[in-house]
Amino acid sequence: LDDLQWCDDSALTVIEGILCDAIGSSCLFFVGSYRSNEVQDSHAIFPLIDSLSSSGVPTTKLGLKGLNPKDLNTMISDAMFVFPRICEPLSDIVFQKTKGNPFFVL
């Protein structure tokens, strides 16, 4: 489920009810994502994460960062089938405009 930062309290309550159900959710794999730069510390997603952990639901949290200029250049050179040194000026412009955010790069 993408963009959990936009869920209201009732939607997160439904998700919590499904995932914390010890009988029904034992065969359920849930992936949820949210944009950390769009949530405050008071957002309802954090109590949900705490509730899942305290209920014994295994959770893993991954933080994704933007691409660094070298990796971005590698990605662009691979996509364009050219040597990295040839597409470096383009990669520099793309990095300046996107700050390495893969969502905007693609």
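For the structure given in this document, a descriptive report is provided here. (Residues numbered from 1 in each chain as written. Predicted model: local features only at pLDDT ≥ 70, side-chain atom pairs only at ≥ 80, totals over all residues. Heavy atoms only, no water.)

### What about the pattern of salt bridges?
Rule in force here: Note on definitions: salt bridges are taken to be side-chain nitrogens of Lys or Arg within 4 Å of carboxyl oxygens of Asp or Glu. Only runs of H or I of at least four residues qualify as helices and only runs of E of at least two qualify as strands under DSSP, and these elements are numbered from the N terminus. The buried label applies to any residue whose accessible area, calculated with a 1.4 Å probe on protein chains only, is under 20% of its type's maximum; exposed applies above 50%, and partly exposed to all values in between.
Enumeration over the complete set of coordinates arrives at 2 salt bridges. Between arginine 35 and aspartate 3 there is a salt bridge; the shortest N-O distance is 3.6 Å. One end of the pair, arginine 35, is in the loop between helix H1 (9–19) and helix H2 (45–54); the other, aspartate 3, is in the segment before H1, with 32 residues separating them in the sequence. For arginine 35, a relative accessible area of 31% corresponds to the partly exposed category. On the basis of relative accessibility, which here comes to 16%, the residue aspartate 3 falls in the buried class. Taking the shortest distance from any N to any O, the salt bridge between glutamate 38 and arginine 35 comes out at 3.6 Å. Given a relative accessible area of 34%, glutamate 38 falls into the partly exposed group.

### Remarks on the layout of surface pockets
Our working definition: Cavity and pocket criteria rest on a 1 Å grid covering protein atoms alone: a 1.4 Å probe that fits but cannot get out defines a cavity, protein on both sides within 12 Å along at least 5 of 7 lines defines an open pocket, and an atom within 4 Å of a point defines a lining residue. Grid points are joined across faces, edges and corners, and a volume is the space filled by probe spheres set on the points. Classification convention: Asp, Glu, Lys, Arg as charged; Ala, Val, Leu, Ile, Met, Phe, Trp, Tyr, Cys, Pro as nonpolar; all other residues, Gly among them, as polar.
Of the volumes computed, that of the largest pocket is approximately 1,600 Å³. What lines the largest pocket is a set of 43 residues, and nearest its centre among them are Gly32, Ser33, Tyr34, Lys61 and Leu62. With 4 residues, H2 is the largest single contributor of residues to the lining of the largest pocket. Its residues assigned to classes, the lining of the largest pocket comprises 21 nonpolar, 14 polar and 8 charged.

### Digging into the packing of helix H3 (residues 69–80) against helix H4 (residues 88–98)
Formally: Each axis is a line fitted through C-alpha atoms, and for a helix only the stretch in contact is used; angles between axes span 0 to 180 degrees, taken between their N-to-C directions. Throughout, the term roughly parallel applies to angles under 35 degrees, roughly antiparallel to angles over 145, roughly perpendicular to angles from 65 to 115, and oblique to all others. By convention the crossing between two helices is left-handed if the near helix lies anticlockwise of the far one by an angle smaller than a right angle, and right-handed if it lies clockwise. The contact criterion used throughout is that any non-hydrogen atoms of two residues lie within 4.5 Å.
One can describe the packing of H3 onto H4 by two numbers: an axis separation of 9 Å at closest approach and a directional angle of 125°. Considering the angle they form, H3 stands oblique to H4. Between H3 and H4 lies a crossing whose hand is right-handed. Each of Pro69, Leu72, Asn73, Ile76 and Met80 in H3 lies in contact with H4, whose residues at this interface are Glu88, Leu90, Ser91, Val94 and Phe95. Grouping the constituent residues of the contact of H3 with H4 by class yields 7 nonpolar, 2 polar and 1 charged.

### Regarding the side chain of serine 51
Summarising the element assignment, serine 51 is placed in helix H2. Note on serine 51: relative accessible area 14%, which makes it buried. Apart from the residues within four sequence positions on either side, serine 51 is in contact with Glu16 and Cys20.

### Notes on the packing of aromatic side chains
This is how the line gets drawn: Between rings of Phe, Tyr and Trp, where Trp is taken as its six-membered ring, a pair exists when centres lie within 6.5 Å; planes separated by under 30 degrees are stacked, by over 60 edge-to-face, and by other angles tilted. Throughout this description, the term charge over a ring refers to an Arg CZ or Lys NZ atom that lies within 6 Å of the ring centre and within 35 degrees of the ring normal.
Scanning the entire structure with this criterion turns up 2 aromatic pairs. Taking 5.5 Å as the distance between ring centres and 65° as the angle between the ring planes, the aromatic pair formed by phenylalanine 103 and phenylalanine 104 counts as edge-to-face. The exposure classification of phenylalanine 103 matches that of phenylalanine 104, with both residues exposed. Here arginine 35 stacks its cationic end above the ring of phenylalanine 103, 5.2 Å away from the centre of that ring. A cation sits over an aromatic face here: arginine 85 above phenylalanine 83, 5.0 Å from the ring centre.

Fair warning: the whole summary comes from geometry, so function is off the table for now.
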